[in-house]
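Residue-level structure breakdown
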Amino acid sequence: MKIFFNSLVLLTCLNLTACKVKDPNEDKPDEQTQVAISDREKLLAGSANISFTITDENQTPLSNISVTLAGQSYQSDSDGTISVSNLAYGNHAIMVEQTGYFPRASIVVNQPDSSTTTVQLQTKASSSKSLLFAGDTMFGRRYLDPNLKTMGTSIPDVTDALIHPDTAGPDSIAITADVAALFENADFASVNLESPVTTNPATVHPTKEFSFFSLPDSLQGLTEIGIDYVGLGNNHIYDYLQSGLEDTLIEVSNAGLLHSGAGLDETQAMTTVSKTLEDVTLVLFAATSITGTEHEYSYIADTEKGGAANLTNSDTVKSSLEEQDSSQFIIAQMHGGDEYTYSPSSYIGRRFEALSKQNTDLLIAHHPHVAQGFAVYNDIPAVLGLGNFVFDQPRLDTLLGVAVMIDLNTETQTVNRAFAYPIFVEDYKPRFTTGFLTHYLLRRLAEFSDDNITLIPRDNYGEVYFSQNQATKSTTDVTIEVNSNSDIIDLRQYAPSSAAFVSEIEVTSGELSSMVFGRDIMVFGDFEDWDNDSEAFEVSRWDHTSDSVFPCTDQPYAGIQALCSSRDEFDNTPSIIPFRHTMRVMELTDENGDPLLSKDFSFYGYLQSENGGKIDALLSYTTEIDDLTFSQHKIDVSEGGDQAWHAFSHDFSLPSDEFTLGPKELPPRGVKLQFRHYAPSKGEAISRLDNVALISWQDAISLDNGLWQTEKMHGFDFLKISASDDTSVKITFTLLD
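The following refers to the structure shown. (Residues numbered from 1 in each chain as written. Predicted model: local features only at pLDDT ≥ 70, side-chain atom pairs only at ≥ 80, totals over all residues. Heavy atoms only, no water.)

**Details of helix α8 (residues 314-322)**
Threshold: Only protein chains enter the accessibility calculation, which uses a 1.4 Å probe. A residue is then buried if its area is under 20% of the maximum for its type, exposed if over 50%, and partly exposed in between. Per the convention used, a helix needs a DSSP run of H or I reaching at least four residues, while a strand needs a run of E reaching at least two, with both numbered from the N terminus. Here, the arc refers to the directions that run from the helix axis to the C-beta atoms. Contact definition: two residues touch when any of their heavy atoms are within 4.5 Å.
Taken together, the buried positions of α8 are V317, S320 and L321. One side of α8 carries all its buried residues, which in axial view fall inside an arc of 95°. Turning to α8, the residues buried within the fold contact α7 (266-270), β15 (280-288), β17 (329-335) and α9 (346-355).

**Digging into the pattern of salt bridges**
Side chains bearing opposite charge may pair, as long as their charged atoms lie close to each other. Stated formally: For salt bridges, the criterion is a side-chain nitrogen of Lys or Arg within 4 Å of an Asp or Glu carboxyl oxygen.
Under the definition given, this model contains 36 salt bridges. For D451, the salt bridge identified is with K712, shortest N-O distance 3.5 Å. Of this pair, D451 sits in the loop between α10 (435-447) and β25 (454-457) while K712 is found in the loop between β43 (707-709) and β44 (718-723), placing the two residues 261 residues apart along the sequence. The partner of K634 in a salt bridge is D636, and the shortest N-O contact between them spans 3.0 Å. Taking the relative accessible area as the measure of exposure, D636 reaches 47% and is therefore partly exposed. When salt bridges that share partners are traced, they join D407, R417, R458, E463 and D737 into one network.

**Examining the state of the cysteines**
Defined as follows: The definition used for a disulfide is geometric: two cysteine sulfur atoms within 2.5 Å.
This structure, assessed with the given rule, holds 1 disulfide. Here C552 engages in a disulfide with C564; their sulfurs sit 2.0 Å apart. With the S-S dihedral at roughly 90°, the linkage between C552 and C564 falls on the right-handed side. Taken as a pair, C552 in strand β31 (residues 549-552) and C564 in strand β32 (residues 562-568) lie far apart in primary sequence, 12 residues in all. Here C552 matches C564 in class, with each residue buried.

**Digging into the sheet that holds β17**
Adjacent strands of a sheet form backbone hydrogen bonds with each other and so pair up, either parallel or antiparallel. We count it as follows: We call two strands paired when DSSP finds no fewer than two bridges between them. All axes are obtained by fitting lines to C-alpha atoms, using only the stretch in contact for helices, and the reported angles, taken between N-to-C directions, cover 0 to 180 degrees.
Here 6 strands make up an open sheet; going across it, the order is β14-β15-β17-β18-β20-β19 and the pairing mixed. The outermost strands of the open sheet, each flanked by one partner alone, are β14 (273-277) and β19 (374-377). Across this sheet, the average inter-strand angle for adjacent strands is 25°, counted without regard to direction. In terms of strand pairing, β17 meets strand β18 (residues 362-366) through 5 bridges, oriented parallel. By the bridge assignment, A332 is partnered in β18 with L363. Along the sheet, α9 contacts β17, β18, β19 and β20 (380-383); its crossing angle with β17, the most-contacted strand, is approximately 165°.

Shown next as structure tokens:
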């Protein structure tokens, strides 16, 4: 059999000028590859003794604080120190729940050269209550069958699904397990339940593009983590028409969950529900502006049928809110706006404005599936968009949501502040985050918040004040020498922390003729592990299932990990390294609410190789949805050989929206990427990639006498310049505390 196989390979290779035959008995990894693999295996098997300090917001150490870390209980000593022996390398979830302080879900990072040194608690007054809000939630569709786009009239039972009908309860509990502790310890917790709940999906909406349902036992994924209330005022609650709605109302009530926002008629749908927390009563209202009136069966309730409460029925909404007891704390949740956008639509903005004058104390919004910012309307705090919590969307821009814990002063019935916890929905399961991934989202949320907001990034959450100037500032100045050959400045290289933002740019000598800020929309090109699940040093957004592509820790450019590719002279095909997601044009709006789309990009990153083979990248220009391809472009990244770490970049622009594909006439709004690493001419090769980014160029900077300044935090990490020779640029980074 071996003889036949080798003969077949030889005959095939006679027709291929670059084909070589490797000894089929030589199946061990090449030496360079084995070194890289062994280094990471050593890291994964490693551990260390670590100590960290529990402090309050004034950095005062706190003794006798009980914490749960990696499933074990610890207590801080008289110096506030907790010592842990032989803690495995990686990220470890830690939960602190102590009387007099807000519950704190954090992440202890343990790496060979760095570890968490401090976990800071926030004082909770005796008059405070913690109200925790998370976003769009369902346990259907791809949870039951990974290949579904919409659901029909049967209950899927698929081997590789996250939820199986016979074990829907424990399966759903497992999905929310990594965020459970924070929700369990909040005084009140809420999600937007964007799904009917039924075991009889016979009456699917006949004309809706996307319909889904969740099984009743899946509600255990919410009840087991302490969810008190589910908002039903959304555009999916009527996906299975009146029968599905009736089942939903029964099943949600049977699970012990409070609810509002939907009913069997308009009156029921507009009815609020209340929850008393000792000396304060919460009143909960929910409604949607996504009415579905273009269909025969709309999504909203009226006098003749059930459905969601109709947010566009302004008079009824106003009446429902203003009849509430104003001595109670009234929370209005709105489901509406444009999907996959980063700030509220003009309509939802007007609804925020209107409801802030209609006997409300707190406003919460969801529906775009993207976390948005914070605002104040007529002295009423507003959470502009929570994004996803438990949802089955593979879209890159929906993977980062936010859970917001409100600090409610029950004596004054006002909001003191909030704590914003980024939620990474990793393969449909919510996780907490730390480090760069936390700061990436928090800086963006601050950027898209109104000017009343102060947002202070912490290690794995943000402290939010609904008033200005609530933080102290520290600055760091960096002077960069540029010339006519300079192009992109990677601000990540100079920032004192990923929580810092550029607040000032000054040309101290020479001249800059243009500058544009850019942000990375790939997000996961650093190959680091920033979440709190049990899998250490994972790289989940890249496909590295091939044996020749693997995360490596022996020589990263930054952080602790890069992505490696190995080839040798006998390999007749390149190793393929695809990014798993389509990267989409950010749907922004200008100050008038008009669309603002930037289609100018740079593909950027860092590369190192040892006898590396040629590397190119295949960029595909696609539609935003349906993955229809306009064109593909091969980009030469490296000619191979021995190369120290260095930057590579390629500028490109997507075609105009005048070009469309498919029956929906979709314009070019997406980019897909894969690297290809070819064999070297001789011997073995290994190449490393790190800090890869797809930069969207968005905000042109105008200098005033050589100076640009801002007080507002933002999420830009790159600067594209056009400079004269011998130009000096002083960049000031600001960090809030």
